[in-house]
Amino acid sequence: MYNTKRIYLILTLLLGAVQLSIVNYQLSIGTVQAQDKKNMFNPVNYSVTSLAIAPDARGGGMADIGVATEADANSQYWNPAKYPFNVARAGVSASYTPWLRKLVNDIHLANLAGFYRIGDYSSLSGSLRFFSLGEVYLSEADDAMTINPYEFALDVAYSRMLSEKFSMAVAMRFIYSDITYDYTAESKAGKAFAADIAMYRNGYFMMGNRECAFSWGLNINNIGSKISYGGDDNSEFIPTNLRLGCNMTIPFNEYNKFSIAADANKLLVPTYPKQRDGEADEDYTDRVQREYYDCSPISGIFKSLHDAPNGAKEEFQEIQWSLGMEYNYNDRFMIRAGYHHEHANKGNRKYVTAGAGFKMSVFAIDAAYVFSTAQSNPLDQTMRFTLSFDLDGMKDLFGKGKRRR
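Before going into details, it helps to say that this report is about the structure given with it. Not measured: the values here are computed from a predicted model. (Residues numbered from 1 in each chain as written. Predicted model: local features only at pLDDT ≥ 70, side-chain atom pairs only at ≥ 80, totals over all residues. Heavy atoms only, no water.)

Looking at the overall build of the protein
Working step 1: Along its length, the protein carries 10 helices and 16 strands.
Working step 2: Burial analysis of the protein (405 residues in total) assigns 50% to the buried set.
Working step 3: Of the roughly 19,300 Å² of accessible surface on the protein, a fraction of 59% belongs to carbon and sulfur atoms. (Helix = DSSP H or I, 4+ residues; strand = E, 2+ residues; numbered from the N terminus. Buried < 20%, exposed > 50% of the residue type's maximum accessible area, 1.4 Å probe, protein only. Areas by Shrake-Rupley, 256 points an atom, 1.4 Å probe, with all protein chains shown as cover.)

Remarks on the packing of aromatic side chains
Working step 1: With the rule as written, the count across this model stands at 16 aromatic pairs.
Working step 2: One aromatic cluster is present, built from ring pairs that chain together Phe130, Tyr150, Phe152, Phe174, Tyr176 and Phe193.
Working step 3: Taking NZ or CZ as reference, Lys226 lies 4.3 Å from the ring centre of Phe237, over its face. (Phe/Tyr/Trp six-rings, centres within 6.5 Å; stacked < 30°, edge-to-face > 60°. Lys NZ or Arg CZ within 6 Å of the ring centre and 35° of its normal.)

A word on helix α7 (residues 281-293)
Working step 1: Looking only at α7, the buried set comprises Tyr284, Arg287, Val288, Tyr292 and Tyr293. An end-on view of α7 places all buried positions within 165° of arc, on one side of the element. Opposite its buried face, α7 presents the exposed residues Glu282 and Arg290, each directed more than 90 degrees away. (Arc of directions from axis to C-beta.)

Here we look at the pattern of salt bridges
Working step 1: Throughout the structure, instances matching the rule amount to 19 salt bridges.
Working step 2: Here Asp72 makes a salt bridge to Arg58, at a shortest N to O gap of 3.1 Å. Of this pair, Asp72 sits in the loop between α5 (57-61) and α6 (75-78) while Arg58 sits in helix α5, and the two are 14 residues apart along the sequence.
Working step 3: Put simply, Arg287 and Glu291 hold a salt bridge, and the shortest N to O gap is 3.4 Å. With Arg287 and Glu291 both in helix α7, this residue pair falls 4 residues apart, about one helical turn.
Working step 4: A relative accessible area of 25% means that Glu291 is categorised as partly exposed.
Working step 5: Among the charged side chains, a network of salt bridges with common partners joins Arg58, Asp72, Glu326, Arg336 and Asp366. (Salt bridge = Lys/Arg side-chain N within 4 Å of Asp/Glu carboxyl O.)

Re a nonpolar patch on the surface
Working step 1: Residues Tyr255, Tyr329, Phe333, Ile335, Phe358 and Met360 make up a contiguous nonpolar surface patch of roughly 560 Å² in combined accessible area.
Working step 2: Structurally, Ile335 can be placed in strand β13 (residues 333-341). (Patch = residues over 30% accessible without salt bridge, like charges linked within 9 Å, V, L, I, M, F, W, Y side chains within 5 Å.)

Details of the environment of Ser132
Working step 1: By the element assignment, Ser132 lies in strand β3 (residues 122-132).
Working step 2: For Ser132, the side chain forms a polar contact with the main-chain nitrogen of Gly134, separated by 3.1 Å. (Polar contact = N/O pair within 3.5 Å; in protein donor to acceptor, adjacent residues only side chain to side chain.)

With respect to a negative patch on the surface
Working step 1: Taken together, the side chains of Asp281, Glu282, Asp283 and Asp286 make up a negatively charged region of the molecular surface.
Working step 2: Asp281 gets classed as exposed once you look at its relative accessible area, which sits at 56%. (Lys, Arg positive; Asp, Glu negative; His and termini not counted. Charge placed at Lys NZ, Arg CZ, Asp CG, Glu CD.)

Things to note about the nonpolar core
Working step 1: The biggest cluster of nonpolar side chains holds 18 residues, and the ones touching the most others in it are Val48, Trp99, Ile107, Phe131, Ile175, Ile227 and Ile238.
Working step 2: The contacts of Ile238, once residues within four sequence positions are left out, are Tyr46, Ser47, Val48, Ile175, Ala192, Ala194, Asn222, Ser225, Ile227 and Val269. (Core = buried A, V, L, I, M, F, W, Y, C linked by side-chain atoms within 4.5 Å. Contact = heavy atoms within 4.5 Å.)

Here it is in structure tokens:
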């Protein structure tokens, strides 16, 4: 259990992995003046940060990549438009991620996802994610108490192939965030609704005598309402995000193939205004209210493309990118690795990942591990675990068992 100061630390860390690396940034800047730091370090702020955490071990093993990789049961988070290309008729997966284990021991993310293909061209899918901040003891309140802050999201999606190579999907999501730690204020749990729009294209081409696959995908997720926790009239943006990526798979022979993938992400959330030199505090407060809090979610998406204080250079700094690869032996054993990069001015999350998977006809087990390349990064030593089931394989297995009897 933790005291009130610890909950402030935890919430600060979760808001988020971007602010978490400010210590990193300060160490790397070294002798730069404090005012210069203020002008340079400017991460994008948003609420319900758990929505930005990759839930599954396959994508995690490739440095948080998945918008254009081969379809699997966890495509709901990365790109639900991939589901109609899944070989299996139906599948389900469960993922577990112990979070910030270098700091605390009871924060975790659990995710359940599944899909069902309708005919040959469309699919229904859904997922449930639950993020727990553990048990927190409030010792400074008038009446000491123990609370369990948490967030969860429930979503469903419909995807359909529009041609043999191209598909699109729409997802709807309900978001609930109960991270209230000050019960003396007029605070409450936050609720929001959001939607995803996704597309995916998968095709083949010849490289010598090898038939290679090339795919690309796009997913704009969490397009929706802002979220409010009460206490004032202002509401916060949720992490609306644009994810774009590609994947190429090269078969070496009948049993061995190699995939390389790249993803780029841009948060479609307005940058929090910075106080200008000589600007009065009252004028700055009014400008923040007008340019940030009074901005609607849809206006915020378009505003996020051009509102960085330092212009286009800073806008490009807000793009995170990942490069990952996967070696696959006979569709049974997989080895993965990747690298994720975020600019120092926007959070400085830089890490290398490694992962492995083992697949049978009925189930698959995946694991991933994070090695931070930036000092004092709490993402270091983060693990993910995923257990997936192929419902077609289970049906065949039980069907054979019945026939034998």
